[in-house]
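A closer look at the structure
Single-letter residue listing:
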Amino acid sequence: MTEPLRIAIAGLGTVGVGVIEILQKHAPLLASRAGRPMELVAVSARSRSKERSVDLSAYEWEDDPVALARRDDVDLIIEVIGGEDGPAKALIETALESGKQVVTANKALLARHGTELARMADKTGTCLRYEAAVAGGIPIVKALVEGMAANGMTRVMGVMNGTCNYILTEMETTGRDYEPILADAQALGYAEADPEADVGGFDAAQKLSLLSAAAFGTEVDYDGVTIEGIERVTLTDIRYARDMGYRIKLLGVAAATPAGIERRMQPCLVPADSPLGQLEGVSNMVVLEGDFIGQTVYQGPGAGAGPTASAVMADVLDIARGNTPPVFGQRAEMLAAPVAAQAGADAPYYLRLSLADRPGTLARVADALGQAGISIDRMRQTQHESGTAPVLIVTHSAARTALDSALETIANLDVCDEAPVAYRIEPV
């Protein structure tokens, strides 16, 4: 058996401790599968005295995480500190410059600095892997970069934040509003005390930016992702969408169009009987579409100590075996500058209107849509007791710019009582 792979870990939160548990529990199994032993040499965290569920006495301690990258007895750094700058960035840069391999779970850092770090890895002949940064325990980066490497990718989409999926699922199944369910998610540990990164769509958009770069061979373009969270999704629309055969999901989509790459993270309607429509709770699901393979679907836990640590160790095992592909599937010098599509692809839309219940109202709405070149697929007026009627419309495929023009006209009609609500229906 060859020389051991000597490892250092920076960050001893739930994921870092989870990695140590795997290394301690499965040492013979890991050595057998990698063809060489795994040896944890040193660790670093903010507090040496904090109680942890693993025994750290056999490992060297570094107060400064960057010092791990300077050790001569370390071959590979695992970074699970977090944060898009600061110690995490300094550690990874120093490790790559020192010729050490790096495994990270840090999506925020890669979304901001992924391209420059990929260039550094190429220059120094090192490897930077990040399976745990994208979809927890789902091996989606490996599937994309290796399993589908022969395909021209056409679309990547999915539910990439378990907190949001839990909230939307609970709203539908319990009939409760957003705020109390968010509080439950925080109490259960699914959402942070400050939940903005999750419910605002930013966490999932970081993941989408990385998958998009790997799928379409572009530099990472987090700023090019259109982001809308779930804060404004109402129980009313969840119920109406369900009645019409749809479910609302926070959906990330990156798609190749003739005008460039479309990247968006936003609440969308998906068919209730589709794999995405049937996804429940805190699970994630990613759908990859390639020109030769067609559509493939991947589902699993998107967060948590066990799944994330599992993904970290999958990358470590690959490096131990000598499987070290370029960061985003091709050398950084070959990554194209991202060209963002100025308008998304046409799609059908769900509309909810609050209209005065009097003759001629629906004709005026239909005329406004028709003038914008938008045709109606189906329409439903729900039961009501007041003089205002909730009206639901599903359009045929339309351009968002045309829809926005029509909605502005409708909002200004004297028969429209509230601002129209519109959600894209994503074909899946």
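The structure presented is a predicted model; accordingly, all values stated were derived computationally and were not measured. (Residues numbered from 1 in each chain as written. Predicted model: local features only at pLDDT ≥ 70, side-chain atom pairs only at ≥ 80, totals over all residues. Heavy atoms only, no water.)

Turning our eyes to something else, we now look at the pattern of salt bridges. Applying the stated criterion across every chain yields a total of 33 salt bridges. Between Glu146 and Arg129 there is a salt bridge; the shortest N-O distance is 3.4 Å. Of this pair, Glu146 sits in helix α7 (residues 140-147) while Arg129 sits in strand β6 (residues 128-129), placing them 17 residues apart in sequence. Residue class for Arg129 comes out buried when judged on its relative accessible area of 8%. (Salt bridge = Lys/Arg side-chain N within 4 Å of Asp/Glu carboxyl O. Helix = DSSP H or I, 4+ residues; strand = E, 2+ residues; numbered from the N terminus. Buried < 20%, exposed > 50% of the residue type's maximum accessible area, 1.4 Å probe, protein only.)

Let's shift gears to the environment of Glu289. Here Glu289 lies in strand β11 (residues 283-290). For the pair Glu289 and Gln299, spaced 10 residues apart in the sequence, the C-alpha separation amounts to 15 Å. Apart from the residues within four sequence positions on either side, Glu289 is in contact with Met148, Gly152, Met153, Thr154, Arg155, Met157, Gly294 and Gln295. Within the structure, Glu289 has its side chain in polar contact with the side chain of Gln295 (distance 2.8 Å). (Contact = heavy atoms within 4.5 Å. Polar contact = N/O pair within 3.5 Å; in protein donor to acceptor, adjacent residues only side chain to side chain.)

Turning to the nonpolar core, a few remarks are in order. Core analysis: the largest hydrophobic core is formed by 87 residues, its most contacted members being Tyr130, Ile140, Ile167, Leu288 and Phe328. Broken down by element, the residue count for this core peaks at 9 residues, all from helix α11 (residues 202-216). The contacts of Tyr130, once residues within four sequence positions are left out, are Thr104, Leu110, Val141, Leu210, Ala214, Asp315, Val327 and Phe328. Counting residues in hydrophobic clusters, the runner-up holds 35 residues, among them Val15, Ala45, Ala105 and Ala311. (Core = buried A, V, L, I, M, F, W, Y, C linked by side-chain atoms within 4.5 Å.)

Regular strands place their side chains on alternate faces of the sheet. For strand β15 (residues 388-395), the buried fraction is high: 7 of the 8 residues fall into the buried class. The pairing of strand β14 (residues 376-381) with β15 spans 5 bridges and is classified as antiparallel. Each residue of the ladder has a partner; that of Arg378, found in β15, is Val394. (Pairing = 2+ DSSP bridges.)

Here we take up the packing of aromatic side chains. Here the structure, examined in full by the defined rule, presents 3 aromatic pairs. Seen in terms of ring centroids, Tyr130 and Phe328 are 5.5 Å apart; in terms of plane orientation they differ by 50°. Their pairing is tilted. With a gap of 198 residues between them, Tyr130 in the loop between β6 and α6 (132-135) and Phe328 in the loop between α13 (305-321) and β13 (349-356) connect regions that are remote in the sequence. You'll find Tyr130 and Phe328 in the same group, each marked buried. When the ring of Tyr350 is compared with that of Tyr423, the centres are 6.3 Å apart and the planes differ by 25°; the resulting orientation is stacked. (Phe/Tyr/Trp six-rings, centres within 6.5 Å; stacked < 30°, edge-to-face > 60°.)

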